[in-house]
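Chains, contacts and geometry: an overview
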Amino acid sequence: MTQRDVCAVVLAAGAGTRLRPLTNLRPKALCPVGNVPLLDRALARLDSLGLSGPSQVAVNAHHQAEQIAAAVTGRAHLSVEQPEALGTAGAVAALRNWVAGRDVLVLNADAYLAGPLPGDFLAGWSGEHPRLLVVDAGDRRRDFDRWRFAGVSLLPATAATRLRPEPTGLYEVVWRDAWAAGCLELSPFEGTFVDCGTPADYLAANLHARTADAAHGVDAAHGVDAAHGVDAGAVVTGTATDSVVGAGATVAGRIVRCVVWPGARVEAHESLTDTIRADDLTVPA
């Protein structure tokens, strides 16, 4: 359990414009990675930190909010943002009564994280300054010097209470000024982080999860063949190489480095590589 009085907000309201047309079918937070919805992965990570249930965890929703609502029933407090999404800061402000003066752990639902958070990320936090989980940016976008934000942050109660319930971002209203003042704490993440914002990154996260989940027993818990990334409820009469195949899916053709969503089909005459098949959509990555 955490030593501080902390609640958690999972950000799941985004429209997922870069991931379209997949997000025309379901919100990004419910897109499966390794046959486990991203939102389920976020809630499981919070549970491992001692945060669970509607009194400790909230999820915001906007795009296809009814799907998010159905997914979180009984598991988290729901905050529906209408007529517009409120951004990462506005989302927390809209939950002011629920937050009730607590510090806030904010988790992006679309952040695929493989590996444990630093041991002192939460337990060793004083609560005085914002703290961000970061990874070495490499050749990707840099947010703070050599670092890239990895989708998890800690927000002091004093900062949370100042936020306004209007479309605003945490970077603009909290992090930027804290960074300029030397008060932004960066905590490097040693595991794998993928922002599932584009089809290419979404595929990369799935292919990583295919092996990472097997090593940590996640596949077995969700009825997935750990050796092949194929759900026990899928039917593969063709070939599936280095791919993830969801429950109720049928693969009669050939797939290589692909994701086949639950219930989708790959016909016998089809040969797909680096592709996502979702319902009747074929999305190259």
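As shown above, the structure is provided for reference.
As a starting point, this report considers the structure included with it. Model, not experiment: these values are computed from the prediction.

**Structural notes on the overall build of the chain**
What the chain contains, in helices and strands, is nine helices and 23 strands. In terms of overall dimensions, the chain is globule-like: its C-alpha atoms have a radius of gyration of 19 Å, near the 19 Å expected for 285 residues. Along the first, second and third principal axes, the C-alpha set of the chain runs to 60 × 35 × 30 Å. In the chain, buried positions account for 52% of the 285 residues. Expressed as a percentage of contacts within the chain between residues at least 6 apart in sequence, the contacts between residues at least 24 apart total 57%. One finds the centroid of the 24 positive side-chain charges in the chain at a distance of 2 Å from the centroid of its 31 negative side-chain charges.

**Focus: the sheet that holds strand β10 (residues 185-188)**
Strand order in the open sheet formed by seven strands is β5-β4-β1-β6-β9-β8-β10, with mixed pairing between adjacent strands. Of all strands in the sheet, those with a lone pairing partner are β5 (77-80) and β10, marking the two edges. Within this sheet the neighbouring strands show an average axis-to-axis angle of 30°, counted without direction. This element, helix α2 (residues 38-48), spans β1 (6-11), β4 (57-61) and β6 (103-108) of the sheet and lies at about 170° to β1.

**Focus on the packing of aromatic side chains**
What the rule picks out here adds up to three aromatic pairs. Measuring from ring centre to ring centre gives 6.0 Å for F144 and Y171, while their planes differ by 45°; the resulting arrangement is tilted. Of this pair, F144 sits in the loop between β8 (131-136) and β9 (147-155) while Y171 sits in helix α7 (residues 170-180), and the two are 27 residues apart along the sequence. Residue F144 is classed as buried on the basis of its relative accessible area of 1%. On the basis of relative accessible area, Y171 is assigned to the partly exposed category, the value being 35%. Pairwise contacts between aromatic rings join F144, Y171 and W179 into one cluster. The positively charged end of R102 is found above the aromatic ring belonging to W98, 4.8 Å away from the centroid. Across the ring face of W147, the terminal group of R146 is positioned such that the distance to the ring centre comes to 4.2 Å.

**What about the pairing of β5?**
Sheet analysis places β4 next to β5, joined by four bridges and oriented parallel. Bridge pairing in β5 places A58 opposite H77. One crossover worth recording links β4 to the parallel β5 by way of helix α3 (residues 65-72), and it is right-handed.

**Quick word on α7**
For α7, the set of buried residues is L170, V174, W175 and A178. Buried residues of α7 fall within an arc of 75° about the axis and therefore sit on the same side. In α7, the exposed positions angled more than 90 degrees off the buried face are occupied by D177 and A180. For α7, the secondary structure elements touched by its buried residues are α4 (87-93), β6, β8 and β9. Following α7 by one or two positions, G182 has its phi on the positive side, about 75°.

Parameters and conventions
- Residues numbered from 1 in each chain as written.
- Predicted model: local features only at pLDDT ≥ 70, side-chain atom pairs only at ≥ 80, totals over all residues.
- Heavy atoms only, no water.
- Helix = DSSP H or I, 4+ residues; strand = E, 2+ residues; numbered from the N terminus.
- Rg over C-alpha atoms; globule rule 2.2 N^0.38 Å.
- Buried < 20%, exposed > 50% of the residue type's maximum accessible area, 1.4 Å probe, protein only.
- Contact = heavy atoms within 4.5 Å.
- Lys, Arg positive; Asp, Glu negative; His and termini not counted.
- Charge placed at Lys NZ, Arg CZ, Asp CG, Glu CD.
- Pairing = 2+ DSSP bridges.
- Axes fitted to C-alpha atoms, helices over the stretch in contact; angles between N-to-C directions.
- Phe/Tyr/Trp six-rings, centres within 6.5 Å; stacked < 30°, edge-to-face > 60°.
- Lys NZ or Arg CZ within 6 Å of the ring centre and 35° of its normal.
- Right-handed = clockwise from strand over helix to strand, strands pointing away.
- Arc of directions from axis to C-beta.

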